[in-house]
Amino acid sequence: MISAVLGGMPMFWPGLLLSLVPAALLNRPVGRLLRAHWVVGFVLLLGLGGVVVATLLPEAFRLSEGAVRHCAVEGGRPRSPGELLRVRHIGLKLATYAPVGFAAALAGTRRRAAAALLGAAVLPFAVSVVHYALPAIGRVCDVQDVWDGVQGVALGAVLGLVAGPLVRAAARAWIA
């Protein structure tokens, strides 16, 4: 399933590997900024790299000539849980945005977690703005993509909030 969807994105795996470099170099400063373990910084940065690679690289790595600015705003809605599990490309969107929500929920203080979650929730909107502003990359702005991205962030945040105590305990045990 995933390989079929990623077949149209030949730069996905190289781009994701390249996002490992900033994640490896900046995880500790980002972890300190969030007042969280460096692993949270690593997951956040790697998740952001995955979002950039999956949503902002030109499809099939060819720039569209004569592209037109277009944004589909009709029919966007939150999807039901059953629909989220059935449609393949939606699962990929959830998997793309969920690590960002997961890491944001694990920020050290409630205030920082709220700020990180707000930033994570704004991310799908920012991606659509870039899609609209740069039609040459061959991506179309779509409100449904924003809904799917926000739901992915929310799913990751819920998982992060539920798993937070376990993750923090494991991090403390690992440090000690």
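Check the entry above for the structure.
Residues numbered from 1 in each chain as written. Predicted model: local features only at pLDDT ≥ 70, side-chain atom pairs only at ≥ 80, totals over all residues. Heavy atoms only, no water.

*Asks:* I'd like to hear about the overall build of the chain, residue by residue, with values.
*Replies:* Along the backbone of the chain there are seven helices and two strands. In sequence order, the secondary structure elements of the chain are arranged as α-α-α-β-α-α-α-β-α. Long-range pairs, those at least 24 residues apart, make up 75% of the contacts in the chain between residues at least 6 apart in sequence. Taken as a whole, the chain presents about 10200 Å² of accessible surface, with 71% of it coming from carbon and sulfur. (Helix = DSSP H or I, 4+ residues; strand = E, 2+ residues; numbered from the N terminus. Contact = heavy atoms within 4.5 Å. Areas by Shrake-Rupley, 256 points an atom, 1.4 Å probe, with all protein chains shown as cover.)

*Asks:* Just give me the short version of unusual backbone geometry, but keep the residues and values in it.
*Replies:* Of note, the phi angle at R35 is positive, near 60 degrees, even though the residue is not glycine. Tracing the backbone shows R35 in the loop between helix 2 (12-34) and helix 3 (38-56).

*Asks:* Which residues make up the side chain of T96, and what values do they have?
*Replies:* Inspection of the secondary structure puts T96 in helix 5 (residues 88-105). Exposure remark for T96: the relative accessible area of 11% places this residue in the buried category. Those residues in contact with T96 that sit more than four places away from it in its chain are G47, G50, V51 and A54. (Buried < 20%, exposed > 50% of the residue type's maximum accessible area, 1.4 Å probe, protein only.)

*Asks:* Which residues make up the nonpolar core, and what values go with them?
*Replies:* Counting 19 residues, the largest nonpolar core has L34, L44, V51, Y97 and V100 as its most contacted members. Secondary structure elements with two or more residues in this core: helix 2, helix 3, helix 5 and helix 6 (110-133). Take this core: its biggest share by element is five residues, from helix 6. Setting aside residues no more than four positions away along its own chain, Y97 makes contact with V51, T55, L123, P124, V127, G149, G152 and V153. (Core = buried A, V, L, I, M, F, W, Y, C linked by side-chain atoms within 4.5 Å.)

*Asks:* Which residues make up the environment of R28, and what values do they have?
*Replies:* Within the fold, R28 resides in helix 2. A residue is classified by how much of its surface remains accessible, and R28, at 46% relative accessible area, is partly exposed. In sequence terms R28 and G41 are 13 residues apart; their C-alpha atoms lie 6.5 Å from each other.

*Asks:* Give a description of the environment of L16 that names residues and reports values.
*Replies:* Along the chain, L16 turns up in helix 2. When sequence neighbours within four positions are dropped, the list of residues in contact with L16 reads L46, G50 and V53.

*Asks:* Please provide a residue-by-residue account of the packing of helix 3 against helix 6, values included.
*Replies:* In contact at an axis separation of 11 Å, helix 3 and helix 6 are set at 30 degrees when each is read in the N-to-C sense. In this structure, helix 3 crosses over helix 6, and the sense of that crossing is right-handed. Facing helix 3, whose interface residues are L48, V51, T55 and L56, helix 6 presents L123, V127, V130 and H131. Along the lines of polarity and charge, the residues of the contact of helix 3 with helix 6 split into six nonpolar, two polar and no charged. (Axes fitted to C-alpha atoms, helices over the stretch in contact; angles between N-to-C directions. Left-handed = near helix turned anticlockwise from the far one by under 90°. Nonpolar A, V, L, I, M, F, W, Y, C, P; charged D, E, K, R; others polar.)

*Asks:* Please set out the packing of helix 2 against helix 3 residue by residue, giving values where relevant.
*Replies:* Helix 3 packs onto helix 2 with a crossing angle of 145 degrees between their chain directions and a minimal axis gap of 6 Å. Viewed along their axes, helix 2 and helix 3 form a crossing whose handedness is right-handed. Considering only residue class, the contact of helix 2 with helix 3 consists of 17 nonpolar, seven polar and one charged.

*Asks:* Lay out helix 6 with the relevant residues and their values.
*Replies:* Since the α-helix turns once every 3.6 residues, residues separated by three or four places project in the same direction. A rise of 1.5 Å per residue sets the reference length of helix 6, with its 24 residues, at 34 Å; its end C-alpha atoms lie 34 Å apart and thus fit the reference within 8%. The sharpest bend along helix 6 measures roughly 35 degrees and falls at L123, with the proline P124 sitting one to four residues further on. The set of residues buried in helix 6 consists of A113, A116, A120, L123, P124, V127, S128 and H131. (Expected span 1.5 Å × (residues − 1). Bend = angle between axes of the 7 residues up to and from the residue.)

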